[in-house]
Amino acid sequence: MTTDSGESSDTMRGRAAGDTRLLWFLLDADRWIVTALLSGVLFFGVLAAGHLHPTPAMTLLTRGDPVETLFQALITGTITAVTLVLTLNQLVLSQELGAVGDQRERMDGSMQFRADVADAIDTPVSPAEPSAFLRSLVRGTAERAENAQNAAEGAALDDDLSALLSNYLADVTSNADRVTDQLDGGTFGEFDVVKAALNYNYSWKLYAGRRIREAYADELTDEVDDSLAELVETLELFGPAREHFKTLYFQWELSDLSQTLLYVAIPALTVAITSLLFLDVQDFVGVTAGVSDALWLLAVTVTGSLLPFTVLISYVLRIVTITKRTLAIGPFILRETNRSVDVDWE
């Protein structure tokens, strides 16, 4: 049995199925870059559809009142988007509102968890800053893995078991070292902190550590078993810590999204309203670069009017991607992995 990264890759990118460039687009890219790319697709899509249509664009745009109908719908949609912003703000605020007893209970739970982490990493007080808190916790798992490795080297264990422990503990240490470096200097509110936390494959390490203790309980010395138990207990603390900071990050992102949507809603409404009132495609009969000027103008105004929706999509893409990849907490692995670890223990 092996527990190296070949079983379940340590990094989120390594665990991703398909093209990793898509993962960059969904997660790593700046949301304004994603918004610009989506707006570009929309702009050129409208341009291409109108240019390639067998009927000339001017004929299509002057047959009936498609332009007026379009911008009426866009105005309604933008106002609806602003209403959605208010709903999102209520969702964020609802997490912060409550009676004093509820707030006290939240405070007590937070302080108890910080005390448990402080005990696990052998420090009087756990760090207050999120990236430093996660960094100290991850570094604590590396230290527990090193203690377990030292205990295993001093025990008379079977060669296969010794190799198994060495591979497992080396994987824990190497992954923890990389994530510790990624968390160094991270600022909460930026995706880099959450990304580094997602790159720590604690679920597989927790599962493998528990299975080793269970399958080789009769062969492990008390010192090795105790050191593995400490490692497992520290890994168990990382799960709720990551979920807590992920929740806070989502609230931060939703607040940013709400603020950004409010900023872009007025310009988008201005474009849609002025286009509805003053745009007459018959005034633009020229051709630029082989494309009707009316079609150029329509593509620009439609893209500007839909800016709130492209902004909304860019933020939601990241949130739902993170949510999908962190649905389970603890030793549950929802993606497909190499099952040889189970076969060898059965």
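Residues numbered from 1 in each chain as written. Predicted model: local features only at pLDDT ≥ 70, side-chain atom pairs only at ≥ 80, totals over all residues. Heavy atoms only, no water.

### So, the overall build of the chain
Operational definition: Each helix corresponds to a stretch of at least 4 residues labelled H or I by DSSP, and each strand to a stretch of at least 2 residues labelled E; elements are numbered beginning at the N terminus. For every residue, the accessible area obtained with a 1.4 Å probe (protein chains only) is divided by the maximum for its type, and the residue is called buried under 20%, exposed over 50%, and partly exposed between those limits. Here, two residues are considered to be in contact whenever any of their heavy atoms come within 4.5 Å of each other. Here the open area of atoms and residues is found with the Shrake-Rupley method and a 1.4 Å probe, where only the protein chains shown may cover a residue.
Broken down by element type, the chain carries 14 helices and 2 strands. Scored against the burial criterion, the 346 residues of the chain give a buried share of 44%. Contacts spanning at least 24 positions in sequence make up 80% of the contacts within the chain whose residues lie at least 6 apart. Approximately 17,800 Å² of the chain is accessible, and the part contributed by carbon and sulfur atoms is 58%.

### Side note on helix α8 (residues 159-183)
Rules: In a helix, the anticipated span is given by 1.5 Å times the number of residues less one. Distance and chemistry together define a polar contact, namely a pair of N or O atoms within 3.5 Å, with one atom able to donate a hydrogen and the other to accept it when in protein, and with adjacent residues in sequence counting only for side-chain atoms on both sides.
For α8, which comprises 25 residues, the first-to-last C-alpha distance of 36 Å matches the rise-based estimate of 36 Å (1.5 Å per residue) to within 8%. Regarding α8, its N-cap is Asp158, as a side-chain oxygen of that residue lies 2.9 Å from the backbone nitrogen of Asp160 further along. Trailing α8 by a residue or two, Gly185 shows a phi angle of about 80°, which is positive.

### Topic: the pattern of salt bridges
The criterion, for reference: A side-chain nitrogen of Lys or Arg and a carboxyl oxygen of Asp or Glu constitute a salt bridge if their distance falls within 4 Å.
Across all of its chains, the model carries 7 salt bridges by this definition. Across the pair Arg144 and Asp122 runs a salt bridge, and its minimum N-O distance is 3.2 Å. You can see Arg144 sitting in helix α7 (residues 130-153) and its partner Asp122 sitting in the loop between α6 (100-120) and α7, a full 22 residues away along the chain. On the accessibility criterion, Arg144 (7% relative accessible area) is buried. Each member of the salt-bridge network shares a partner with another, and the members are Arg242, Glu243 and Lys246.

### A word on helix α11 (residues 222-278)
As a reminder, the rule being used: Across the chain, bend at a residue is computed as the angle between axes fitted to the seven residues ending at that point and the seven starting from it.
The end-to-end C-alpha distance of α11, which contains 57 residues, comes to 83 Å, matching closely the 84 Å that a straight helix rising 1.5 Å per residue would cover. When the local axis directions of α11 are compared, the greatest deviation, roughly 30°, occurs at Ala265, which is followed within four positions by the proline Pro267.

### Side note on unusual backbone geometry
Its identity as a non-glycine residue notwithstanding, Asp122 has a phi of 55°, on the positive side. Note on Asp122: relative accessible area 61%, which makes it exposed. Phi at Ala289 is positive, roughly 55°, even though this residue is not glycine. By the element assignment, Ala289 lies in the loop between β1 (287-288) and β2 (291-292).

### A short note on the packing of α11 against helix α12 (residues 293-305)
For clarity, the threshold we go by: All axes are obtained by fitting lines to C-alpha atoms, using only the stretch in contact for helices, and the reported angles, taken between N-to-C directions, cover 0 to 180 degrees. Any angle that is under 35 degrees is reported as roughly parallel, and any over 145 degrees as roughly antiparallel; angles of 65 to 115 degrees are reported as roughly perpendicular and all others as oblique. Working rule for handedness: look at the near helix, and if it is turned counterclockwise from the far one by less than a right angle, call the crossing left-handed; if clockwise, right-handed. Classification convention: Asp, Glu, Lys, Arg as charged; Ala, Val, Leu, Ile, Met, Phe, Trp, Tyr, Cys, Pro as nonpolar; all other residues, Gly among them, as polar.
Here α11 crosses α12 at 140°, and the two axes come no closer than 7 Å. When the axes of α11 and α12 are compared, the pair comes out oblique. Note that α11 runs across α12; the crossing there is left-handed. Across from Ala268, Val271, Ala272 and Ser275 in α11, the residues of α12 making contact are Thr301, Gly304 and Ser305. Among the residues making up the contact of α11 with α12, the classes are represented as 3 nonpolar, 4 polar and no charged.

### A word on the packing of aromatic side chains
Stated precisely, the cut-off is as follows: What counts as a ring pair is set by centres within 6.5 Å for rings of Phe, Tyr and Trp (its six-membered ring), and what kind of pair is set by the plane angle: stacked under 30 degrees, edge-to-face over 60, tilted for all other angles. Over a ring means this: the NZ of a Lys or the CZ of an Arg is within 6 Å of the ring centre and within 35 degrees of the ring normal.
Per the stated rule, a full pass over the model turns up 9 aromatic pairs. Plain terms: the ring middles of Phe191 and Tyr249 are 6.3 Å apart, the flat faces sit at 50° to each other, and that makes the pair tilted. Taken together, the residues Phe191 in helix α9 (residues 191-198) and Tyr249 in helix α11 connect sequence positions 58 residues apart. On the basis of relative accessible area, Tyr249 is assigned to the buried category, the value being 1%. Here the aromatic residues Phe43, Phe44 and Trp296 are joined through ring pairs into a cluster of three or more. Taking the ring centre of Tyr200 as reference, the NZ or CZ of Lys205 above it sits at 5.8 Å.

### A few points about the nonpolar core
This is how the line gets drawn: The criterion is simple. A nonpolar core is a set of buried Ala, Val, Leu, Ile, Met, Phe, Trp, Tyr and Cys residues joined through side-chain atoms within 4.5 Å.
Ranked by internal contacts, the top residues of the largest apolar core, which has 44 residues, are Leu165, Tyr168, Tyr200 and Leu228. Elements that contribute at least two residues to this core include exactly α6, α7, α8, α9, α10 (202-215) and α11. Not counting the four nearest positions on each side in its chain, Leu165 is found in contact with Gln149, Ala152, Leu157, Ile212, Leu220, Val224 and Leu228. With 24 residues, the next largest nonpolar core counts Leu27, Leu88, Phe188 and Ile322 among its residues.

### Some thoughts on the UniProt feature "transmembrane region" (unreviewed entry) in the chain
The test is simple: UniProt positions are given in the numbering used here, feature names are shortened, and annotations may be inferred rather than shown by experiment.
In the numbering adopted here, UniProt assigns the feature "transmembrane region" (unreviewed entry) to residues 32-50, 260-279 and 294-317. The span residues 260-279 is 95% helix and 0% strand, and its two end C-alpha atoms sit 27 Å from each other.

### A short note on a negative patch on the surface
Rules: What makes a patch is a set of residues exposed beyond 30% relative accessible area and free of salt bridges, joined within 9 Å when like-charged and within 5 Å when nonpolar (Val, Leu, Ile, Met, Phe, Trp, Tyr). Asp and Glu count as negative and Lys and Arg as positive, but His and the ends of the chain are not part of the count. Taken as the charge centre is NZ of Lys, CZ of Arg, CG of Asp or CD of Glu, depending on the residue.
Together, Asp222, Glu223, Asp226, Glu230, Glu233 and Glu236 make up a region of like negative charge exposed at the surface. On the basis of relative accessible area, Glu230 is assigned to the partly exposed category, the value being 38%.

### What about the environment of Val302?
Inspection of the secondary structure assignment puts Val302 in helix α12. Taking C-alpha positions, Val302 is 7.7 Å from Phe43, a pair spaced 259 residues apart along the chain. Those residues in contact with Val302, other than ones at most four positions away along the chain, are Leu42, Leu70 and Phe71.

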